[in-house]
Amino acid sequence: MLRGTAIGVMAVMMALVAPAWAQMGGPADPSCKGVAVEWPADLKGWGRAAVPVTSATAPGGAPALTPGTPARVTLAAKEGVTLAVTPPKPAGEKTYAGTVAFTVPAAGPYRIAIDGAAWIDVVADGKSLDSTSHKHGPNCSGIHKVVDFGLAAGTYQLQLTNSPAATVTVLVVPPQS
């Protein structure tokens, strides 16, 4: 009986710690234990402390992210969110969504890195912009995916939808010189 309780307690502890461990760049995957992440120059900002942000639940008035600074974004249940554009991927059951904004001071290639399986749309003038590429983050980094966009100077809305988690970490990566 005691052994079963101890196993249950360990399982709960692992479930609670795993998301934070992954966010810190640590290994949520046991095969990553002790593996040093090889950070490309543009993603080194991922290791900085993430700024807490609560996403907007309607177009307009979205909180601003600072390119180069990770943000821990709290999303809302999808039922309470009105989006500027309808994402091409239908929302799953019990998913989360929200909108944040970011400003691009000069045209160039920007990346959006995220630690979860959320759908990413960059929106300008009421339209979702086409991405230029998609890839996974570096092995054992905690970055789930990286989506690239060619952006002109201006302010954009970043719609995060279909997230199985209520919080995600996002990094808007500015062009590298």
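Residues numbered from 1 in each chain as written. Predicted model: local features only at pLDDT ≥ 70, side-chain atom pairs only at ≥ 80, totals over all residues. Heavy atoms only, no water.

- Looking at an unreviewed UniProt entry, one finds the protein named Homogentisate 1,2-dioxygenase and attributed to Nitrospirillum amazonense.

Points about the state of the cysteines
No. 1: Overall, the coordinates contain 1 disulfide when judged by the stated rule.
No. 2: Put simply, C32 and C140 are joined by a disulfide, and their sulfur atoms are 2.0 Å apart. Residues C32 and C140 are joined by a disulfide whose S-S torsion is about -80°; by sign, that bridge is left-handed. Here C32, found in the loop between α1 (2-23) and β1 (51-54), pairs with C140, found in the loop between β9 (133-135) and β10 (145-151); they are 108 residues apart in sequence, far enough to count as distant.
No. 3: In this structure C32 comes out as buried when scored by relative accessible area, which is 10%.
No. 4: Residue classification places C140 among the buried positions, given a relative accessible area of 17%. (Disulfide = S-S within 2.5 Å. Helix = DSSP H or I, 4+ residues; strand = E, 2+ residues; numbered from the N terminus. Buried < 20%, exposed > 50% of the residue type's maximum accessible area, 1.4 Å probe, protein only.)

Details of the pairing of strand β11 (residues 154-163)
No. 1: Of all 10 residues making up β11, 7 are buried, and the element is well covered by its neighbours.
No. 2: Looking at chain direction, strand β5 (residues 96-104) and β11 are connected through 8 bridges and run antiparallel. By the bridge assignment, T103 is partnered in β11 with T155. (Pairing = 2+ DSSP bridges.)

Points about the environment of V172
No. 1: As for its placement among the helices and strands, V172 is situated in strand β12 (residues 167-173).
No. 2: Residue V172 is classed as buried on the basis of its relative accessible area of 1%.
No. 3: Between the C-alpha atom of V172 and that of W46, which follows or precedes it by 126 residues, the distance is 9.7 Å.
No. 4: Every residue in contact with V172, bar those within four places of it in the chain, is listed here: L65, P67, G68, F102, Y110, R111 and I112. (Contact = heavy atoms within 4.5 Å.)

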